[in-house]
Amino acid sequence: MDWKRFNELDTNIHSGQIQESLNELAAMMESEAEPFNRVAILVAMSTGFSKLKRFRDSKSALQKAAGILGRKSKSYPRIMLALAVVEIDEENWKGALKRLDDIEVRYESILRR
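Residues numbered from 1 in each chain as written. Predicted model: local features only at pLDDT ≥ 70, side-chain atom pairs only at ≥ 80, totals over all residues. Heavy atoms only, no water.

### Considering the nonpolar core
Working step 1: Counting residues in each nonpolar core, the largest one holds 28 residues, and the members touching the most others are Phe 6, Leu 25, Met 28, Ile 41, Met 45, Ile 79 and Met 80.
Working step 2: Elements with a contribution of two residues or more to this core: α1 (3-14), α2 (18-31), α3 (35-51), α4 (55-69) and α5 (76-89).
Working step 3: With seven residues, the top contributor of residues to this core is α3.
Working step 4: If we skip the residues at most four places from it in the chain, Met 80 touches Ala 66, Arg 99 and Ile 103. (Core = buried A, V, L, I, M, F, W, Y, C linked by side-chain atoms within 4.5 Å. Buried < 20%, exposed > 50% of the residue type's maximum accessible area, 1.4 Å probe, protein only. Helix = DSSP H or I, 4+ residues; strand = E, 2+ residues; numbered from the N terminus. Contact = heavy atoms within 4.5 Å.)

Okay, structure coming up:
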C-alpha cells in the first residue's frame with residue numbers, strides 16, 4: 001500500500017475533502033490484500049462517513065474491520081471503541097454506554113496490559 005498517499009487521504013478527510021478521499025480509499029480497498037492495511041483503510045473510511053453523518057456506513061466499515069481482525073486481536077477493542085464513538089455521534093447514549101461496558105468486561109485482560 002502507498003502509505004504516503006493513505007496518510008494524505010486521511011489528512012484530507014480531516015480537512016474537509018471527504019468524498020474525494022472516500023472515493024480513493026474505496027479504490028485502494030479493492031486492490032489491497034493485506035489484512036492490516038485493509039483495517040486501516042476501513043477505519044479511515046469510517047471517519048469520513050461519520051463526518052458526512054453517514055453513520056450506518058461508518059458502522060459498517062468498522063464492523064468489516066472487526067471481522068478482519070477477529071475478537072482475539074489486541075486491536076479489536078479499539079474498533080469497538082470507535083463503534084461506541086459513532087453511537088455517541090448518533091446521540092445513541094444507551095448504545096454507546098452498553099458498548100463501552102462490553103469492552104470493559106470482555107477485554108479487561110487486554111486493557112490492563
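### Re the pattern of salt bridges
Working step 1: Scanning all chains against the criterion turns up seven salt bridges.
Working step 2: Between Lys 59 and Glu 87 there is a salt bridge, and its shortest N-O distance comes to 3.8 Å. Placement of Lys 59 in helix α4 and of Glu 87 in helix α5 is noted, with a sequence separation of 28 residues between them.
Working step 3: For the salt bridge of Glu 90 with Lys 59, the shortest nitrogen-to-oxygen distance reads 2.9 Å. Of the two residues, Glu 90 is situated in the loop between α5 and α6 (93-106) and Lys 59 in helix α4; the sequence distance between them amounts to 31 residues.
Working step 4: Residue Glu 90 is classed as partly exposed on the basis of its relative accessible area, which comes to 31%.
Working step 5: Salt bridges linked by common partners bring Lys 59, Glu 87, Glu 90 and Arg 99 together as one network. (Salt bridge = Lys/Arg side-chain N within 4 Å of Asp/Glu carboxyl O.)

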